[in-house]
Structure formats: C-alpha cells, structure tokens
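Summary of the model geometry
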Amino acid sequence: MTIAALLLPFALLQAEAAPDTVTAPPVVAHSSAYVPSPRLEQCVASIEADAAKAYEDAMAWAADTRELAAYRCAGLALIAQGRNEEGARRLESAAISAAGNPPSERAETLAQAGAGYMLARAPARARSAYSQAIALMQNDRDVMPDLLIDRATAYALEEDWRHSEEDLSRALDLRPNDSVALRLRATARMNQNVLELAEADAQRAVTADPSSVEARLV
C-alpha cells in the first residue's frame, strides 16, 4: 500500500512545514484495532499507477457494496489527482455515514479527510475532521498522540498557537519523547514569545532525535 505508505501520521511527514508550504500526502497511522482489507490495499496501490482509473474502480466497488473502504479509496484517488477538497469531503462524508463501522476505521478515514483539507488549505475543515477522529479514539493511547499532533498542525496553519500548544502538550503527556511534537510545540511557543520554554522543547527534540535536521533548525 503506497500513497506515501498510508500508514504515517500527516504531521510526521509534514514535519513542521511552514504554513505556506504544506505539501504532505493524506496519511494517518492505523489504530492497532483496525486492519485494512486486502481489497482496500489493492485499490490504494492502484492509485499510484492511474489515479483516475482507481477512482472509477473504487466508485464501481462502492456502488456494488456501499463499503466504507470503497469510498475511502475513491477519496484518496481524488486527492492523488490534486482534487484535495473534493476528496476530503468524500472521506469525511463516508466516515460520518458509516456509523456501524468500527470507530478505529471511521477515525482513520476522518484523519485522512483532515489531511486532504490541509492540502486544500482549509485548516478549519481539517481541524473539524481531526476533532471528530479524536472523539472516536479518545481512549486509544497509541493513536491519540498522532491525531492531536495533526490537529495541532491545523491550528498552526490558522496561527492559533495557544490551541496548537495545548494539543501538543496533550500528545506529549501520552508520548513524552516525540520529537515532532516537541519541535512543533517549540514553534508554537516561539510564536507566543515564550522563548525559554520554546528553547527547552527544541533541545528536547534534538535529544529525542539527534539526526533530525528540522529539530536542529528550530
């Protein structure tokens, strides 16, 4: 499964891109409770070869089965064609409509929608999608840090540094040595002129990941 692996959180690949340089693909970490179907994996893999055909195939699959996985592939295929907001809307709508599906699958779909909205430079819509995913997964300590980091990135794109910092602090409560969260929080704190705490976060980010160029730049 490709489309940038589909398995990494958006913020990890976005990795503190400046608000005017958001370029990462729509991705999110899988919950340990959810395993994608082989058909979804095949469909997503086909996007790399021909996104337009993958979209048509996914919609035919959806017409036959109404499965959330089919709509997910269709949404990702739209995003791969640069139709970011349209793809994000399809993913969000599919997740909301699939109330009978596992919460982990719905949350992952919502997080992919959030990433699509980020690519479309619609951070408020992204934040809403991430918030819905967080509500579904609030008891999953493995997935929550990624979702909180992603929503913090949406807040940062809106220059809402206080709420960005709050989400990153929550993520770090669950995963204390996350280098991405630390350097993003350092940036949020710098933008609030809390320089001593920002410096401490930046130093911790370097300690957590000494090879990270981004952490050293911060």
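Presented here is a report on the structure given in the accompanying data block.

Procedures and definitions
- Residues numbered from 1 in each chain as written.
- Predicted model: local features only at pLDDT ≥ 70, side-chain atom pairs only at ≥ 80, totals over all residues.
- Heavy atoms only, no water.
- Helix = DSSP H or I, 4+ residues; strand = E, 2+ residues; numbered from the N terminus.
- Buried < 20%, exposed > 50% of the residue type's maximum accessible area, 1.4 Å probe, protein only.
- Contact = heavy atoms within 4.5 Å.
- Areas by Shrake-Rupley, 256 points an atom, 1.4 Å probe, with all protein chains shown as cover.
- Phe/Tyr/Trp six-rings, centres within 6.5 Å; stacked < 30°, edge-to-face > 60°.
- Lys NZ or Arg CZ within 6 Å of the ring centre and 35° of its normal.
- Core = buried A, V, L, I, M, F, W, Y, C linked by side-chain atoms within 4.5 Å.
- Salt bridge = Lys/Arg side-chain N within 4 Å of Asp/Glu carboxyl O.
- Expected span 1.5 Å × (residues − 1).
- Arc of directions from axis to C-beta.
- Axes fitted to C-alpha atoms, helices over the stretch in contact; angles between N-to-C directions.
- Parallel < 35°, antiparallel > 145°, perpendicular 65-115°, else oblique.
- Nonpolar A, V, L, I, M, F, W, Y, C, P; charged D, E, K, R; others polar.

Quick notes on the overall build of the chain
- Each helix and strand in the chain was counted, giving twelve helices and zero strands.
- Mapped in sequence order, the helices and strands of the chain form the string α-α-α-α-α-α-α-α-α-α-α-α.
- Across the 218 residues that make up the chain, the buried fraction comes to 53%.
- Counting contacts in the chain only where the partners sit at least 6 residues apart, residues at least 24 apart contribute 56% of the total.
- When the accessible surface of the chain is split by element, carbon and sulfur atoms take 49% of a total near 9600 Å².

Focus on the packing of aromatic side chains
- Using the criterion set out here, one finds zero aromatic pairs in the structure.
- Over the face of the ring belonging to Tyr55 we find Arg83, whose NZ or CZ atom lies 5.8 Å from the ring centre.

Points about the nonpolar core
- Grouped together as the largest cluster of nonpolar side chains are 58 residues, with contacts concentrated most on Ile47, Trp61, Cys73, Tyr130, Leu147 and Ile149.
- Every residue in contact with Cys73, bar those within four places of it in the chain, is listed here: Leu40, Cys43, Val44, Ile47, Ala58 and Trp61.

Re the pattern of salt bridges
- If you walk through the whole model with that rule in mind, you get twelve salt bridges.
- A salt bridge links Arg189 to Glu165, with the nearest nitrogen and oxygen atoms 2.9 Å apart. A residue pair is termed long-range when its members are at least 10 positions apart, and Arg189 in helix H10 (residues 179–190) and Glu165 in helix H9 (residues 161–174) qualify at 24 residues.
- Residue classification places Glu165 among the buried residues on the basis of a relative accessible area of 16%.
- When salt bridges with common partners are traced through the structure, they connect Glu165, Arg185, Arg189 and Asp201 into a single cluster.

Quick word on unusual backbone geometry
- Phi at Glu159 takes a positive value of approximately 60°, unusual for a residue other than glycine.
- With respect to the helices and strands, the residue Glu159 is situated in the loop between helix H8 (144–157) and H9.
- Positioned with a positive phi, Asn193 is a non-glycine residue whose angle comes to about 65°.
- Along the chain, Asn193 turns up in the loop between H10 and helix H11 (195–208).

Regarding helix H2 (residues 38–49)
- With twelve residues, H2 ought to run about 16 Å at 1.5 Å a step, and its terminal C-alpha atoms sit 17 Å apart, in line with that.
- Of all the residues in H2, the buried ones are Leu40, Cys43, Val44 and Ile47. For H2, the angular spread of buried residues about the axis comes to 95°, placing them on one side. When the buried face of H2 is taken as reference, the exposed residues oriented beyond 90 degrees from it are Pro38, Gln42 and Ala49.
- Where the residues of H2 are buried, they touch helix H3 (51–65) and helix H4 (68–80).

Looking at the environment of Met144
- For Met144, the location among the structural elements is in helix H8.
- Placed 30 residues apart in sequence, Met144 and Leu174 show a C-alpha to C-alpha distance of 8.0 Å.
- What Met144 contacts, discounting residues up to four positions off in sequence, is Ile134, Met137, Gln138, Arg170 and Leu174.

A closer look at the packing of H2 against H4
- At their nearest, the axes of H2 and H4 sit 10 Å apart, and the two run at 10° to each other. The orientation of H2 with respect to H4, classified from their angle, is roughly parallel. Here Leu40, Cys43, Val44 and Ile47 of H2 lie close against H4, whose contacting residues are Ala69, Arg72, Cys73, Leu76, Ala77 and Ala80.
- Considering only residue class, the contact of H2 with H4 consists of nine nonpolar, no polar and one charged.

Considering H11
- With 14 residues, H11 ought to run about 20 Å at 1.5 Å a step, and its terminal C-alpha atoms sit 20 Å apart, in line with that.
- Where H11 is concerned, the buried positions are Ala198, Asp201, Ala202, Ala205 and Val206. Looking straight down H11, one finds that the buried residues subtend no more than 140° of arc, so they occupy a single side. Residues of H11 that are exposed and angled more than 90 degrees away from the buried face: Glu196 and Thr207.
- Tucked inside the fold, the buried residues of H11 contact H10 and helix H12 (213–217).

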